[in-house]
Amino acid sequence: MTVADNTAAANAAEAAEVTIPAASRAERFASYDVEAFEVPGGREENWRFTPMKRLRGLHDGSAPATGEAELELEAAPEVRVETVGRDDERLGQAGVPSDRISAQAYSSFEKATLVTVPAETKASARTLVRFHGPGEGKTAYGHVQVRAEQFGEATVVLDHVGSGTYADNIEFVLGDGAQLTVVSVQDWADDAVHVSEQHLKLGRDSRLKHIVVTLGGDLVRVSPTATFAGPGGDVEMLGLHFADSGQHQEHRLFVDHAVPNCKSNVLYKGALQGDNAHSVWIGDVLIRAAAEATETFELNRNLVLTEGARADSVPNLEIETGEISGAGHASATGRFDDEQLFYLQARGLPEDEARRLVVRGFFHEILMKIEVPEVRERLEAAIEAELEAIGV
């Protein structure tokens, strides 16, 4: 072997060492300490789809807090809201940051908001937490925890609006038998960058419906992680996103089945239009050896409406035990179904109206699962506005 061959082999080995991900999702590192994470360069598995230059320094420590996100709350009468310091022992119970930005957000917030549904209480109205960005050119970090105590029931809407750069951790802690519905809406202004890690921890026999809707922003990256603290937990993770020209929307899910007799169902749907519109969906499900009788399925579908748009979709399923009730995953990305359009046009509908009906039907399954009328109507109007922008 020549010197050139040796050099090429060494370079190839070095590149492989950098890009090979952890063998198992269970081996991914997590820590509250920012410096425990290396500064990502964009070749790592966790960052390879993310345009690093558009993160505005959130990932490398060069983005100190220069502003503050304002929280507007409308709580149901039965729900308790508190503002607490970093030393509150309840913080961090739902999960540990799994990337450098999440750890940076955890170490940078000064105060946190706790929303608590008391035990054996059913909230009579939805609770709204509206996040207003710190403003154009400013950076802020935040932390919110939603707690549903034993047998508590509630619906919580998280609404993100405004401008600026914002990174946060959001925790959902469900006690035994609790039932919680969460709708997280990212409807930022065009300049906004938002990176959020959402930690979902379900107690015994608890049920969580977690819905993520992403419409606005320059770059939005939401990473929900679901874990189970006891058997009988049931999580439904739904998502709807609509990327426009130049927008980057990234959703990274992880469902960690580590206890027996739990269920998870994941369904995300996205549409894209315009030059350089980019959506990324990563769905990781891990069924550990102890998680017998697990039932899980994940599905991602993307509808590309124009040339120049790109959707990346990667479902991953890792099973460490054969004693499961069922498991599966699927992904599909495509353009308009010509047969559907032909069917509608053959019955007298103009082409533009037929296309609108196809898109509405595509999103209908998820929209109908949003049981807050004001949110559902707002999203339907937003989708109509997006379609009008390209004459569909």
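Since this is a predicted model, take the numbers as computed values, not measurements. (Residues numbered from 1 in each chain as written. Predicted model: local features only at pLDDT ≥ 70, side-chain atom pairs only at ≥ 80, totals over all residues. Heavy atoms only, no water.)

Colleague: Help me understand the overall build of the protein in this model?
Modeller: Looking only at helices and strands, one finds five helices and 18 strands in the protein. Relative to the 2.2 N^0.38 estimate, which gives 21 Å for 392 residues, the radius of gyration of the protein is 21 Å and therefore close to what a compact globule would have. In terms of its C-alpha atoms, the protein occupies a principal-axis envelope of roughly 70 × 60 × 50 Å. Residue burial in the protein is summarised as follows: out of 392 residues, 53% are buried. Considering only residue pairs separated by 6 or more positions, the protein has 86% of its internal contacts joining residues 24 or more positions apart. The protein carries 36 positive and 64 negative side-chain charges, and their two centres are separated by 2 Å. (Helix = DSSP H or I, 4+ residues; strand = E, 2+ residues; numbered from the N terminus. Rg over C-alpha atoms; globule rule 2.2 N^0.38 Å. Buried < 20%, exposed > 50% of the residue type's maximum accessible area, 1.4 Å probe, protein only. Contact = heavy atoms within 4.5 Å. Lys, Arg positive; Asp, Glu negative; His and termini not counted. Charge placed at Lys NZ, Arg CZ, Asp CG, Glu CD.)

Colleague: Explain the packing of aromatic side chains to me, please; I cannot follow it from the model alone.
Modeller: Any pair of aromatic rings gets described here by the distance separating the centres and the angle formed by the planes. Counted under the stated rule, the structure contains eight aromatic pairs. A centroid spacing of 5.1 Å and a plane angle of 65 degrees characterise the contact between phenylalanine 362 and phenylalanine 363, whose relative ring orientation is edge-to-face. Here the two residues phenylalanine 362 and phenylalanine 363 agree in accessibility, since each one is buried. Three or more aromatic residues joined by ring pairs form one cluster here, namely Tyr32, Tyr106 and Phe109. (Phe/Tyr/Trp six-rings, centres within 6.5 Å; stacked < 30°, edge-to-face > 60°.)

Colleague: I'm lost on unusual backbone geometry in this one. Help?
Modeller: Only a minority of non-glycine residues have a phi that is not negative, and only a minority of peptide bonds are not trans. Residues other than glycine seldom take positive phi values, yet glutamate 120 does so here, at roughly 55 degrees. Although it is not a glycine, asparagine 276 sits at a positive phi angle of roughly 60 degrees. Mapped onto the elements of the fold, asparagine 276 is located in the loop between strand E14 (263-272) and strand E15 (278-287).

Colleague: Before we go on, may I ask you to explain the sheet that holds strand E13 (residues 248-257) in this structure?
Modeller: The pairing of strands in a sheet happens through backbone hydrogen bonds and is either parallel or antiparallel. Read across the open sheet, the nine strands follow the order E2-E3-E5-E7-E9-E11-E13-E15-E17; overall the sheet is mixed. Strands at the two margins of the open sheet, each flanked by one partner only, are strand E2 (80-85) and strand E17 (310-319). Strand-to-strand, the axes of this sheet are offset by a mean angle of 10 degrees, without reference to chain direction. (Pairing = 2+ DSSP bridges. Axes fitted to C-alpha atoms, helices over the stretch in contact; angles between N-to-C directions.)

Colleague: What's the story with the nonpolar core in this structure? I'm lost.
Modeller: Buried together is how nonpolar side chains tend to be arranged in soluble globular proteins. Residues Phe172 and Leu180 are the most contacted members of the largest nonpolar core, which totals 44 residues. If we ignore the near neighbours within four places in the chain, the residues touching phenylalanine 172 are Ala94, Val146, Leu158, Leu180, Val182, Gln198, His199, Leu200, Lys201 and His210. One finds Leu128, Leu240, Leu303 and Ala354 within the second-largest nonpolar core, a separate group that totals 31 residues. (Core = buried A, V, L, I, M, F, W, Y, C linked by side-chain atoms within 4.5 Å.)

Colleague: Looking at this structure, I do not really get the pairing of strand E6 (residues 153-161). What am I missing?
Modeller: As a general feature of sheets, a regular strand has side chains that alternate between the two faces. In terms of burial, E6 is largely enclosed, as seven of its nine residues are buried. Sheet analysis places strand E4 (residues 127-132) next to E6, joined by six bridges and oriented parallel. When the bridges of E6 are listed, threonine 127 appears paired with valine 156. Sheet analysis places E6 next to strand E8 (residues 179-186), joined by eight bridges and oriented parallel. Residue pairing for E8: valine 156 is matched across the bridge by valine 182.

Colleague: How do you make sense of the environment of proline 77 when you look at a structure like this?
Modeller: The topology assignment puts proline 77 in the loop between strand E1 (70-74) and E2. The spatial distance from the C-alpha of proline 77 to the C-alpha of serine 124 is 7.3 Å, given a sequence separation of 47 residues.

Colleague: In this structure, what is going on with the pattern of salt bridges? I would like to understand it.
Modeller: With the rule as written, the count across this model stands at 25 salt bridges. Among the ionic pairs, glutamate 72 bridges to arginine 130, the shortest N-O distance being 3.6 Å. Residue glutamate 72 is located in strand E1, and its partner arginine 130 is located in strand E4; the two are separated by 58 residues in the primary sequence. In this structure, a network of salt bridges that share partners links the residues Glu72, Arg130, Asp159, Asp187 and Arg378. (Salt bridge = Lys/Arg side-chain N within 4 Å of Asp/Glu carboxyl O.)

Colleague: Looking at this structure, how should I read helix H4 (residues 351-367)?
Modeller: Residues lying three or four places apart along an α-helix face the same way, a consequence of the helix completing one turn every 3.6 residues. The end-to-end C-alpha distance of H4, which contains 17 residues, comes to 24 Å, matching closely the 24 Å that a straight helix rising 1.5 Å per residue would cover. Maximal helix bending in H4 amounts to about 25 degrees, located at glycine 361. For H4, the set of buried residues is Ala354, Arg356, Val358, Val359, Phe362, Phe363, Ile366 and Leu367. (Expected span 1.5 Å × (residues − 1). Bend = angle between axes of the 7 residues up to and from the residue.)

Colleague: Could you clarify how one ought to interpret the sheet that holds E8 in this entry?
Modeller: One open sheet holds the nine strands; their spatial order is E1-E4-E6-E8-E10-E12-E14-E16-E18, and the pairing between them is mixed. If you trace the sheet from one side to the other, it starts and ends with E1 and strand E18 (326-334), each paired once. On average, each strand axis in the sheet is tilted by 10 degrees relative to the strand beside it, whichever way the strands run. Examined bridge by bridge, E1 and E4 share five bridges and lie antiparallel to one another. Opposite leucine 71, over in E4, you have phenylalanine 131 as the bridge partner. Where H4 meets the sheet, it contacts strand E12 (234-243), E14 and strand E16 (295-304), and its direction lies at approximately 150 degrees from that of E14.

Colleague: Is there a simple way to explain the side chain of asparagine 302 in this structure?
Modeller: Tracing the sequence through the fold places asparagine 302 in strand E16. A polar atom in the side chain of asparagine 302 sits 2.9 Å from the side chain of asparagine 300. Polar side-chain contacts of asparagine 302 include one of 3.3 Å to the side chain of threonine 333. Not counting the four nearest positions on each side in its chain, asparagine 302 is found in contact with His241, Gly270, Leu272, Ser279, Ala311, Ser313, Ala332, Thr333, Gly334 and Phe362. (Polar contact = N/O pair within 3.5 Å; in protein donor to acceptor, adjacent residues only side chain to side chain.)

Taken by themselves, the reported measurements are silent on function.
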